[in-house]
Amino acid sequence: MALEEAMICAGFGARKGVTSEAVLAALDAALATHDIARDRLDALATVPRKRDEPGLTDAAKALGLPLVIADDAALQAAAAHCLTRSDHALCATGLPSASEAAALAVCGPAARLLGPRITLDGVTCAIATTGRQS
C-alpha cells in the first residue's frame, strides 16, 4: 500500500470545555511532529464520552472532516497498542490513552501509531495510519 492510499486519522482526548482553537493547535503540533499536512487527514476520532464536546465537533467542522466516535470494542482492542499510559485517561475512560486508542480504533486492525500522543492546553492528540512504515 502506497502512503498516498493510507488512511490517516487524528485521535483526541480533551478536558471538558476545550475550545476548537485548542483542538486545532494540538492537531497542528501533532501533524508537525510527523511532517503531515492537514489535508492528508481522513478523519478525527474520539471516545464515546467526548462525542458532544463542542471544541472537538467545531474543529471537525472547521476542517471539513468527520468526527468519528470509536466504538467500545474497537477501543478495547486498540488499548493494547497504545504507546502512552495515563492514569488520568485510565480513570476517565478505562483506556491507557483515549487519543491513541481512538485513532487506532478508527483506522482499524491494521493501524499503527506514528508516535506517542502530544498534550497541549488540555488536549491530547495522536496520529494513526494504515500505511506501512517507510
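Residues numbered from 1 in each chain as written. Predicted model: local features only at pLDDT ≥ 70, side-chain atom pairs only at ≥ 80, totals over all residues. Heavy atoms only, no water.

(A) Structural context of the environment of Cys-125. Position of Cys-125 among the secondary structure elements: in strand S6 (residues 123-129). By relative accessible area, Cys-125 is classed as buried at 1%. Spatially, the C-alpha atoms of Cys-125 and Val-23 are 8.3 Å apart, while their sequence positions differ by 102 residues. The residues touching Cys-125, leaving out its near neighbours within four places in the chain, are Ala-10, Gly-11, Phe-12, Ala-26, Leu-27, Ala-30, Ser-99, Arg-117 and Ile-118. (Helix = DSSP H or I, 4+ residues; strand = E, 2+ residues; numbered from the N terminus. Buried < 20%, exposed > 50% of the residue type's maximum accessible area, 1.4 Å probe, protein only. Contact = heavy atoms within 4.5 Å.)

(B) Main features of the pattern of salt bridges. Scanning the model with the defined rule gives one salt bridge in all. Linking Arg-38 and Asp-28 is a salt bridge whose minimum nitrogen-to-oxygen distance equals 2.8 Å. On the criterion of sequence distance, the pair formed by Arg-38 in the loop between helix H1 (20-33) and strand S2 (43-46) and Asp-28 in helix H1 is long-range, its members being 10 residues apart. A residue is classified by how much of its surface remains accessible, and Asp-28, at 33% relative accessible area, is partly exposed. (Salt bridge = Lys/Arg side-chain N within 4 Å of Asp/Glu carboxyl O.)

(C) Main features of unusual backbone geometry. Positioned with a positive phi, Asp-35 is a non-glycine residue whose angle comes to about 55°. Positionally, Asp-35 belongs in the loop between H1 and S2. Residue class for Asp-35 comes out exposed when judged on its relative accessible area of 72%. Phi at Asp-121 takes a positive value of approximately 50°, unusual for a residue other than glycine.

(D) Seen up close, the packing of H1 against helix H2 (residues 54-63). Contact geometry of H1 with H2 gives a least axis separation of 8 Å together with a crossing angle of 65°. Judged by the twist between their axes, the crossing of H1 over H2 is right-handed. Across the interface between the two elements, Ser-20, Val-23, Leu-24 and Leu-27 of H1 pack against Gly-55, Leu-56, Asp-58, Ala-59 and Leu-63 of H2. (Axes fitted to C-alpha atoms, helices over the stretch in contact; angles between N-to-C directions. Left-handed = near helix turned anticlockwise from the far one by under 90°.)

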